[in-house]
Amino acid sequence: MKGIPFKRLSDRWKADPAFRQEYERIGPEMELAFQLAEARRRAGLSQAELARRMGTSQSTIARLEAGRGLPSSRTLTRFAEATGARIQIHVVPAE
């Protein structure tokens, strides 16, 4: 699977003021969505391939990667296992 590296693409999107404003409004959810999409890309999987590994639908993967709703910790663990990754959750001081 080739294409534009996701980090470069997300940086390009974040340069758009309208995108950046919306991103800041839903920041944690969008950051998680970007990380999920990047994990899938690193694993070299299509959304359909990942869905088969997880026992779910391609549309569910698309929703996760679009940041529509917060997945459960169980879903995140299944996603990580299917992409050869692991989940780390951190609580950090507010800025």
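Residues numbered from 1 in each chain as written. Predicted model: local features only at pLDDT ≥ 70, side-chain atom pairs only at ≥ 80, totals over all residues. Heavy atoms only, no water.

(A) Examining the nonpolar core more closely. Core analysis: the largest hydrophobic core is formed by 11 residues, namely Leu36, Ala39, Leu45, Leu50, Ala51, Met54, Ile61, Leu64, Leu76, Phe79 and Ala82. Contributions of two or more residues to this core are made by helix 3 (27-42), helix 4 (47-54), helix 5 (58-66) and helix 6 (73-83). (Core = buried A, V, L, I, M, F, W, Y, C linked by side-chain atoms within 4.5 Å. Buried < 20%, exposed > 50% of the residue type's maximum accessible area, 1.4 Å probe, protein only. Helix = DSSP H or I, 4+ residues; strand = E, 2+ residues; numbered from the N terminus.)

(B) Here's a closer look at the packing of aromatic side chains. Inspection of every chain in the model, using the stated rule, returns 1 aromatic pair. Judged by centre distance (6.4 Å) and plane angle (25°), the ring pair of Phe19 and Phe34 falls under stacked. Placement of Phe19 in helix 2 (residues 17-25) and of Phe34 in helix 3 is noted, with a sequence separation of 15 residues between them. We classify Phe34 as buried; its relative accessible area is 6%. (Phe/Tyr/Trp six-rings, centres within 6.5 Å; stacked < 30°, edge-to-face > 60°.)

(C) Summary view of the packing of helix 3 against helix 5. Contact geometry of helix 3 with helix 5 gives a least axis separation of 6 Å together with a crossing angle of 130°. In terms of orientation, helix 3 lies oblique with respect to helix 5. Contacts between helix 3 and helix 5 involve Met30, Ala33, Leu36, Ala37 and Arg40 from the first element and Ile61, Leu64, Glu65 and Ala66 from the second. Across the contact of helix 3 with helix 5, the residue classes tally to 7 nonpolar, no polar and 2 charged. (Axes fitted to C-alpha atoms, helices over the stretch in contact; angles between N-to-C directions. Parallel < 35°, antiparallel > 145°, perpendicular 65-115°, else oblique. Contact = heavy atoms within 4.5 Å. Nonpolar A, V, L, I, M, F, W, Y, C, P; charged D, E, K, R; others polar.)

(D) Inspection of the pattern of salt bridges at higher detail. For the structure on display, the rule yields 2 salt bridges. Here Glu65 and Arg40 are joined by a salt bridge, their closest N and O atoms 2.5 Å apart. Remark: Arg40 occurs in helix 3 and Glu65 occurs in helix 5; sequence separation between them is 25 residues. Here the two residues Glu65 and Arg40 agree in accessibility, since each one is buried. (Salt bridge = Lys/Arg side-chain N within 4 Å of Asp/Glu carboxyl O.)

(E) Local environment of the side chain of Gln47. Within the fold, Gln47 resides in helix 4. The class of Gln47 is buried, set by a relative accessible area of 19%. Of the polar contacts made by the side chain of Gln47, one reaches the side chain of Gln58; its length is 2.4 Å. There is a polar contact of 2.9 Å between the side chain of Gln47 and the side chain of Glu65. With residues up to four places along the chain from it excluded, the contact list for Gln47 reads Arg40, Gln58, Ile61, Ala62 and Glu65. (Polar contact = N/O pair within 3.5 Å; in protein donor to acceptor, adjacent residues only side chain to side chain.)

(F) Structural view of the side chain of Glu65. Judged by relative accessible area, Glu65 falls into the buried class, the value being 13%. A distance of 2.5 Å separates a polar atom in the side chain of Glu65 from a polar atom in the side chain of Arg40.

(G) Helix 3, seen in detail. Taking 1.5 Å per residue, 16 residues should reach 22 Å; helix 3 reaches 22 Å between its end C-alpha atoms and fits that length. Of the residues making up helix 3, those classed as buried are Gly27, Met30, Ala33, Phe34, Leu36, Ala37, Glu38, Ala39 and Arg40. Gly44 sits one or two positions beyond helix 3 and adopts a positive phi of about 70°. (Expected span 1.5 Å × (residues − 1).)

The values reported here are purely geometric and, on their own, carry no functional implication.
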